[in-house]
Amino acid sequence: MKKITKAVFPVAGLGTRFLPATKAIPKEMLPIIDKPLIEYAVEEAVNAGITEVIFITSHTKRAIEDHFDQNFELEEKLMNSGKKDFLNKINRDIFQNIKFTYVRQKSQNGLGDAILHSEHLIQDEPFAIILADDLILNSPSCIKQLISAYEQNQSSIIGLNEVPKNEIEKYGIVSVQESSSGKTLLLKDIIEKPKTNAPSNLAVVGRYVLSNKIFEYLRNLEPSVGGEVQLTDAIKLMLKNEKVMGYLYEGIKFDCGSRHGYVNAIRHLAEEIFEE
Ligand code: G1P
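So, how was this worked out
Numbers given to residues run from 1 along each chain, matching the order in which its sequence is written. Totals for whole chains, interfaces and linings use all residues, but because this is a predicted model, local features are given only for residues with pLDDT of at least 70 and pairs of side-chain atoms are given and counted only at 80 or more. By convention in this description, side-chain values take in all heavy atoms of the structure and omit both hydrogens and water. Near residues are defined by distance, with any heavy atom within 4 Å of the molecule or strand qualifying the residue. Counting of polar contacts relies on pairs of N or O atoms within 3.5 Å, with two restrictions inside protein: one atom must be capable of donating a hydrogen and the other of accepting it, and residues adjacent in sequence are counted only when both atoms are side-chain atoms. Under the convention used here, a 1.4 Å probe and the Shrake-Rupley method define accessible areas, while residue burial counts only the protein chains that appear. Only protein atoms enter the 1 Å grid used here. Points where a 1.4 Å probe fits but cannot escape make up a cavity, open sets with protein on both sides within 12 Å along at least five of seven lines make up a pocket, and a residue lines them when an atom lies within 4 Å of a point. The rule for placing a molecule in a cavity or pocket is simple: more than half of its atoms must lie within 2 Å of the grid points. Runs of E in the DSSP output that reach at least two residues are strands. Runs of H or I that reach at least four are helices, and both are numbered from the N terminus. Charged residues are taken to be Asp, Glu, Lys and Arg, nonpolar residues to be Ala, Val, Leu, Ile, Met, Phe, Trp, Tyr, Cys and Pro, and polar residues to be all remaining types, Gly included. For Phe, Tyr and Trp, where Trp contributes only its six-membered ring, two rings pair if their centres lie within 6.5 Å, and the inter-plane angle classes them as stacked under 30 degrees, edge-to-face over 60, or tilted in between. The classification of residues rests on relative accessible area computed with a 1.4 Å probe and restricted to protein chains. Under 20% of the type maximum is buried, over 50% is exposed, and intermediate values are partly exposed. Contacts: residue pairs with any heavy atoms within 4.5 Å of one another. Two strands are counted as paired when DSSP detects at least two bridges linking them. Grid points are joined across faces, edges and corners, and a volume is the space filled by probe spheres set on the points. In this description, a nonpolar core means a group of buried Ala, Val, Leu, Ile, Met, Phe, Trp, Tyr and Cys residues linked to one another through side-chain atoms lying within 4.5 Å.

For the ligand, the set of nearby residues contains 13 residues, the closest of which are Asp-134, Gly-172, Glu-192, Lys-193 and Val-204. Within the contact set of the ligand, an oxygen atom lies 2.6 Å away from a side-chain nitrogen or oxygen of Lys-193. At 3.4 Å from an oxygen atom of the ligand is found a side-chain nitrogen or oxygen belonging to Thr-232. Relative to its free-state accessible area of 380 Å², the ligand is covered by the protein chains to the extent of 75%. One can see that the ligand is located within the largest pocket. The element that contributes the greatest number of residues to the shell around the ligand is strand S11 (residues 202-210), accounting for 4 residues. Residue classes in the shell around the ligand are distributed as 6 nonpolar, 4 polar and 3 charged.

This next bit is on the packing of aromatic side chains. Going through the model one piece at a time under the given rule, you end up with 9 aromatic pairs. Ring centres of Phe-18 and Tyr-262 lie 5.3 Å apart, and the angle between their planes is 70°; on these two criteria the pair is classed as edge-to-face. In this pair, Phe-18 sits in the loop between strand S1 (6-10) and strand S2 (31-32) while Tyr-262 sits in helix H10 (residues 259-275), placing the two residues 244 residues apart along the sequence. The buried category is assigned to Phe-18, whose relative accessible area is 9%. Judged by centre distance (5.1 Å) and plane angle (25°), the ring pair of Phe-68 and Phe-100 falls under stacked. Of this pair, Phe-68 sits in the loop between helix H2 (62-67) and helix H3 (72-80) while Phe-100 sits in strand S5 (residues 99-104), placing them 32 residues apart in sequence.

For the rest of this paragraph, the subject is the environment of Phe-68. The exposure class of Phe-68 is buried, given its relative accessible area of 13%. In this structure Phe-68 touches Ile-38, Glu-39, Val-42, Phe-55, Phe-95, Phe-100 and Tyr-102, once residues within four positions along its chain are discounted.

Looking now at the pairing of strand S10 (residues 184-192). Relative to S10, strand S9 (residues 172-176) runs antiparallel, the two sharing 5 bridges. By the bridge assignment, Ile-173 is partnered in S10 with Ile-191. Two elements, S10 and strand S12 (residues 244-248), share 3 bridges in a ladder whose sense is antiparallel. What sits directly across from Leu-185, in S12, is Gly-246.

Next up on the list: the side chain of Ser-258. In this structure, Ser-258 sits in the loop between strand S13 (252-255) and H10. Relative accessible area serves as the criterion here: at 15%, Ser-258 is assigned to the buried category. Here Ser-258 is in contact with Arg-17 and Phe-18, once residues within four sequence places are set aside.

To locate leftover empty space, one rolls a probe as large as a water molecule over the atoms. Of the pockets and cavities examined, the largest pocket occupies roughly 1,100 Å³. If you list the elements that add at least two residues to the lining of the largest pocket, you get helix H5 (111-116), S11 and helix H9 (231-241). Of the residues assigned to the lining of the largest pocket, the class counts are 15 nonpolar, 12 polar and 10 charged. If you add up the space inside the second largest pocket, you get close to 510 Å³. Taken together, 21 residues line the second largest pocket, and the ones lying closest to its centre are Glu-39, Lys-89, Ile-90, Asn-91 and Arg-92. Secondary-structure elements contributing two or more residues to the lining of the second largest pocket are strand S3 (35-36), helix H1 (37-47), H2 and helix H4 (87-90). Split into classes, the residues belonging to the lining of the second largest pocket amount to 7 nonpolar, 6 polar and 8 charged.

Taken as a class, soluble globular proteins show a tendency for nonpolar side chains to be buried jointly. Counting 34 residues, the largest nonpolar core has Phe-9, Ile-38, Val-42 and Phe-55 as the members making the most contacts within it. In terms of residue count, helix H7 (residues 142-153) provides more of this core than any other element does, 6 residues in total. With 32 residues, the next largest nonpolar core counts Ile-129, Val-174, Leu-185 and Tyr-208 among its residues.

Of note, the amide linkage connecting Leu-19 to Pro-20 takes the cis form, showing an omega dihedral of 10°. Summarising the element assignment, Pro-20 is placed in the loop between S1 and S2. Along the chain, Ser-139 connects to Pro-140 via a cis peptide bond; the corresponding omega equals 0°. Positive phi, close to 65°, is recorded for Ile-33, a residue that is not glycine. If you trace the backbone, Ile-33 turns up in the loop between S2 and S3. Even without glycine at this site, Gln-123 takes up a positive phi of about 50°. In this structure, Gln-123 sits in the loop between helix H6 (119-122) and strand S6 (127-130). A residue is classified by how much of its surface remains accessible, and Gln-123, at 55% relative accessible area, is exposed.

Here it is in structure tokens:
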């Protein structure tokens with residue numbers, strides 16, 4: 001069985017909902033208190049056994065590269081001013097043996113197009129996808145839960161949660177085979193952001209473990225919802241030929257791509273600080 005060692009992080013999005021904060025700073029670098037959103041996502045992946053982190057990025061996102069690189073000047077200043085304790089904050093042990101790769105997506109043609117940019121790096125392996133906007137707190141983490149479920153089922157698997165009716169049109173929505181129950185569900189269909197006739201209230205979260213076959217379906221896709229090439233459409237095609245599972249993960253999710261979710265995440269983690 002092939003182990004999941006690679007994770008793709010699409011980070012080329014514009015972050016329009018957070019302007020003006022995101023005019024000069026990538027939205028993924030917005031802090032949840034003192035740690036940028038993207039670091040939570042990479043930490044989640046690395047703690048789940050990922051050793052290759054692949055960012056699909058754009059020319060406005062250089063700060064992400066800098067964040068995961070060494071900053072010798074700052075390190076030296078901290079060393080020389082008796083602030084050695086801060087060194088592990090900027091140069092974390094858990095990232096020491098991780099390979100970081102950056103691929104530029106020239107124009108924002110959607111999540112499906114972003115993932116297709118990782119094909120040459122993923123090659124013939126199954127891999128994880130993490131959308132950093134979705135901050136999910138749990139131990140074991142959401143991606144760890146999906147990787148374990150992948151290991152048990154040997155098929156692509158997507159994180160799912162139930163959403164209220166009025167939020168259905170914000171997500172990829174799945175229908176499941178009548179015979180399936182429990183946490184691991186066999187998918188029947190998937191549709192991106194349905195405005196009417198949604199098949200269920202089971203929404204896709206930003207965590208996937210996919211077979212590399214997904215690239216075959218992504219390659220010939222036309223843009224759809226929002227004029228973008230959608231990963232959901234490729235999964236829909238894949239479902240016709242192979243098993244794809246959904247997994248009702250455990251954890252609290254904050255949609256940090258929205259102001260509401262972002263503030264709630266900060267509020268939640270702030271409680272821990274007040275309790276210290
Ligand atoms: C993307 C996917 C969608 C999924 C969502 C999870 O949408 O296209 O299927 O439900 O992530 O966060 P986006 O939020 O990028 O519009």
